[in-house]
Amino acid sequence: MTQPAILRVAVNAPLSRLFDYLPPAGGDRIATEALLPGCRITVPFGRQKQTAVIIAHADRSDVPRDRLRPALAAIDEAPVLGEQDLWLIRFASNYYQHPIGEVVAAALPAPLRQGKALHPVIQNIRITEDGSAVNVEQLRKRAPKQASLLAVLQDVTSIRFEKLDELRPGWRTVRKNLLDKCWIEVEEVSEAPSMAEAADAQAGPTLNTDQLAAVEAIRSSPGFQVSLLDGVTGSGKTEVYLTLMKDVIAARKQVLILVPEIGLTPQLVSRLASRLGEEPAVLHSALTDTVRLAAWSAARSGTAKVILGTRSAVFVPLKNPGLIIVDEEHDNSLKQQEGFRYSARDLAIARGKHLDVPVILGTATPSLETLQRCKDGAYQHLRLPTRAGAAAPPLLRLVDLTIHPSADGISDPAITAISKNLQEGGQTLVFLNRRGFAPTLICGGCGRMAECDRCDARMTVHASSNELRCHHCGASRRIDDDCIECGGNFRPLGHGTERLEQALKGRFPDHSIARIDSDTVRLKGTMNRALSMATTGETRILIGTQMLSKGHHFPDLTLVVVINADQGLFSTDFRGSEKLAQSLVQVAGRAGRVKRQGQVLIQTGYPTHPFWGELFSGGYEKVALSALEERSNTAWPPFSRLALIRASAHKLEDAKAFLETALQLIAPANAGNIRVLGPVSAPMERRAGRYRAQLLLQSVNRQALQRLLQTLRVQLENDRGSRKVRWSIDVDPVELF
Ligand SMILES: [Zn+2]
Ligand SMILES: [Zn+2]
């Protein structure tokens, strides 16, 4: 192999371009010929040292040869990222208009980003022959610490540093003495990942006709094909996954499953392990770096047959990819909302196409994007319309708040239903997607509300900590006693989960009530404990936010009360009705999955709103189809593509001026097929002390929009105004705020 002339590398920096380096000067541990794309090297970058990944080799550079700097050292002898992985990274960087070095950083586990070895090096202490011959009891009189360490080693011969730290804290102080006497030696081993032995797989239930039909439809087209598995909650989507996963494992290939949230992994992990007899490799942000690296590396080497992870797991290298599953494909959490704003679902589809493997999108409430692809014939639409087993679908009912008064946010019919449900031994979930005690404080004298000093937003009351907190910037302060304007008294306005908990505890003092929201489960382990009490039925009334509406399975749950659905009815977001219907159907799906038919009460002050008519007559599908028609008429996604350019600065003028520049750069490049809206202030103009503005680009022509963004991004990077602002490009944004 000839020596690469120039290494073109990605550096973790907010710049779109690659950087050219000469290979490291001779004498390096690793031969220059081995420096293939996908290998990491250390390079001088500005005044610092950086870990970089080789993306390509080049014969020439735009930088004159005498000004090219040599890399400092090679890290890997063989690429850590393969050709397919680099393809995905380049694709994601181009599509989302994001600096490639930051995309690489998102794709690599932290230790690899920091230049550490792929296989963690483990240090052991090993006893020598001389050391084994020492009489420990005699040594103990002179040197008790040394003796104590040697005693352990005479028993086990070799032991890890970390293990010794546990057994003999302080052993490191006498290490040198024993080394000098040649009684012990240090050995370093690089540990390749090993997976738990395969266990026996438990048998599952027999598939019903719909499940079998779905399995057959997916089996019948090997290779790339996107299938929407559209199954009502409780219809047994997981059984379909499991059957197909067994096929893939039997063919000695790997399955990648993406889920929107960490909270959904524990239940799924144990189910997969027991049913497949394979321990899945798990990748999410709550794991330690070492554990994550081990899982990543097991996927890369092919040892892990099943890889389960959240968003960023879409980048995990796979030795023998066989199937990609995206569970809860409609969920917004699959789209990263800051930094590198990518959709794990959309990248999973692109990756499946490139690898020529099937992709399954599972959900009870498909996104409109996915539904439209089915209508176009691009995806196959597989339905599981009934619940598996004998469970009947839950019964939905509206509670009209204009005729039924409510105290503390809960109407009389809801209270009656909860009492009746408790008497009958059922469990209740009270759903309110608003944590805290009350959304804000209001002055009884002048009507002033408690606002955040740094955001255009109200402060939420948190009574248990006697604080006002801003849910947008995290600021907090003590609850104001009196109004500074008029001296009037403040009182809480509206309801949050904390206030609801207080009210329900007052109403039902003899029953176990638990609140599960991000305030109560902040501590490690509390979420699992709360969930397990809810699952066993120990908790009779559960109060929860969005967190509880997803995927969790409560066998005893027979009643769901939705406290306030009206926020979603009048949302300014064009996705408002889609999101509201999804969240209602998901939360309703928690009810009555095993024993009895579930009941769902939805409180609304607008019972005649057309949304309810659609939901009650035709369920989610009717709401979705009517929303699709509306979007088709107005040419919003999925009938057009969006890109949002955001800018924020300490002065509103700077943010707006930057976007004006963008506007001027766009005009000559726009062949008339891109609609530009703005610049305008963001719906929340000030957040965490920064002023925010945005420019929305819309086009029915995806390629035209992509081409324009490609040029625009480089121009903006080089624009002097860009130094005064923080800016970003969000392709296919899910939030327009
Ligand atoms: Zn006042
Ligand atoms: Zn704030």
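Treat the numbers as computed from the prediction; the structure is a model and nothing was measured. (Residues numbered from 1 in each chain as written. Chains lettered and ligands numbered in written order. Predicted model: local features only at pLDDT ≥ 70, side-chain atom pairs only at ≥ 80, totals over all residues. Heavy atoms only, no water.)

A.B. asks: Please explain the coordination of the zinc ion (ligand 2) as it appears in this structure.
C.D. replies: The expected angle between donors at a tetrahedral four-coordinate metal is 109.5 degrees. At an octahedral six-coordinate metal it is 90 or 180 degrees. Donor atoms from the polypeptide that bind the zinc ion (ligand 2) are Cys 452 (SG), Cys 455 (SG), Cys 470 (SG) and Cys 473 (SG), placed at 2.3 to 2.4 Å. Classification of the site at the zinc ion (ligand 2) as tetrahedral follows from its four donor atoms and the range of 107 to 112° in their angles at the metal. Each donor residue of the zinc ion (ligand 2) belongs to the same chain, and together they define the spacing C-x2-C-x14-C-x2-C. Taken together, the residues span a long stretch of sequence, with Cys 455 in the loop between strand E20 (440-443) and strand E21 (460-462) and Cys 473 in the loop between strand E22 (467-469) and strand E23 (476-478) at a distance of 18 residues. Assessed through its relative accessible area of 22%, Cys 473 is described here as partly exposed. (Donors = N, O, S within 2.8 Å, 3.2 Å for Na, K, Ca; no water. Tetrahedral: all angles 85-135°; square planar, octahedral: opposite > 155°, others 65-115°. Helix = DSSP H or I, 4+ residues; strand = E, 2+ residues; numbered from the N terminus. Buried < 20%, exposed > 50% of the residue type's maximum accessible area, 1.4 Å probe, protein only.)

A.B. asks: In this structure, what is going on with the coordination of the zinc ion (ligand 1)? I would like to understand it.
C.D. replies: Ligation of the zinc ion (ligand 1) by protein atoms is provided by Cys 443 (SG), Cys 446 (SG), Cys 483 (SG) and Cys 486 (SG), these donors lying 2.2 to 2.4 Å from the ion. Between the four donor atoms coordinating the zinc ion (ligand 1), the angles at the centre fall across 97 to 115°, so the site counts as tetrahedral. For the zinc ion (ligand 1), all donor residues lie on one chain, and their spacing in sequence is C-x2-C-x36-C-x2-C. Taken as a pair, Cys 446 in the loop between E20 and E21 and Cys 483 in the loop between E23 and strand E24 (490-493) lie far apart in primary sequence, 37 residues in all.

A.B. asks: I tried to follow the layout of surface pockets on my own but got confused; where do I start?
C.D. replies: Rolled over the atoms, a probe as big as a water molecule pinpoints where empty space is left. Reported here for the second largest pocket is a volume of approximately 1,100 Å³. Looking at the second largest pocket, it is lined by 41 residues, and the ones nearest its centre are Asp 346, Arg 373, Tyr 379, Arg 641 and Asp 732. Secondary-structure elements contributing two or more residues to the lining of the second largest pocket are helix H1 (83-95), helix H13 (344-355), helix H14 (368-375), helix H20 (576-588) and strand E29 (641-649). Counting residues per element, the lining of the second largest pocket draws most heavily on H13, at six residues. Considered class by class, the residues forming the lining of the second largest pocket number 18 nonpolar, eight polar and 15 charged. (1 Å grid on protein atoms, 1.4 Å probe; cavity = no way out; pocket = protein on both sides within 12 Å on 5 of 7 lines; lining within 4 Å. Points joined across faces, edges and corners; volume = space filled by probe spheres on them. Nonpolar A, V, L, I, M, F, W, Y, C, P; charged D, E, K, R; others polar.)

A.B. asks: What's the story with the environment of Arg 686 in this structure? I'm lost.
C.D. replies: Tracing the backbone shows Arg 686 in strand E30 (residues 675-687). Residue Arg 686 is classed as buried on the basis of its relative accessible area, which comes to 18%. In this structure, the C-alpha to C-alpha distance between Arg 686 and Thr 402, residues 284 residues apart in sequence, is 35 Å. Those residues in contact with Arg 686 that sit more than four places away from it in its chain are Cys 452, Asp 453, Arg 454, Cys 455, Asp 456 and Tyr 691. (Contact = heavy atoms within 4.5 Å.)

A.B. asks: Teacher, can you tell me more about the nonpolar core here?
C.D. replies: One recurring pattern in soluble globular proteins is that nonpolar side chains are buried together. Counting residues in each nonpolar core, the largest one holds 106 residues, and the members touching the most others are Trp 296, Ile 307, Phe 315, Leu 584, Phe 611 and Leu 697. Here Trp 296 is in contact with Val 80, Leu 81, Ala 107, Leu 108, Pro 109, Leu 112, Leu 118, Leu 283, Val 316 and Pro 317, once residues within four sequence places are set aside. Membership of the second largest hydrophobic core comes to 28 residues, among which are Tyr 241, Leu 268, Leu 308 and Ile 360. (Core = buried A, V, L, I, M, F, W, Y, C linked by side-chain atoms within 4.5 Å.)

A.B. asks: What is the right way to read the sheet that holds E23 from this model?
C.D. replies: The strands making up a sheet associate through backbone hydrogen bonding, with each pair oriented either parallel or antiparallel. Strand order in this open sheet of three strands is E21-E22-E23, and the pairing throughout is antiparallel. Looking along the sheet, the strands with just one partner apiece sit at the ends: E21 and E23. Sheet twist, expressed as the mean angle between neighbouring strand axes with direction ignored, is 30°. Alignment of E22 against E23, held across three bridges, turns out to be antiparallel. Pairing of Glu 467 across the sheet is with Arg 478, part of E23. (Pairing = 2+ DSSP bridges. Axes fitted to C-alpha atoms, helices over the stretch in contact; angles between N-to-C directions.)

A.B. asks: Whenever I open this one, the pairing of strand E1 (residues 6-11) confuses me. Can you help?
C.D. replies: Remember that side chains alternate between the two faces of the sheet whenever the strand is regular. Extensive coverage of E1 is indicated by the burial of five of its six residues. Strand direction decides the pairing type here: E1 and strand E4 (residues 48-58), joined by six bridges, are antiparallel. Bridging from a neighbouring strand, Arg 8 pairs with Ala 56 of E4. In terms of strand pairing, E1 meets strand E2 (residues 19-21) through three bridges, oriented antiparallel. By the bridge assignment, Arg 8 is partnered in E2 with Asp 20.

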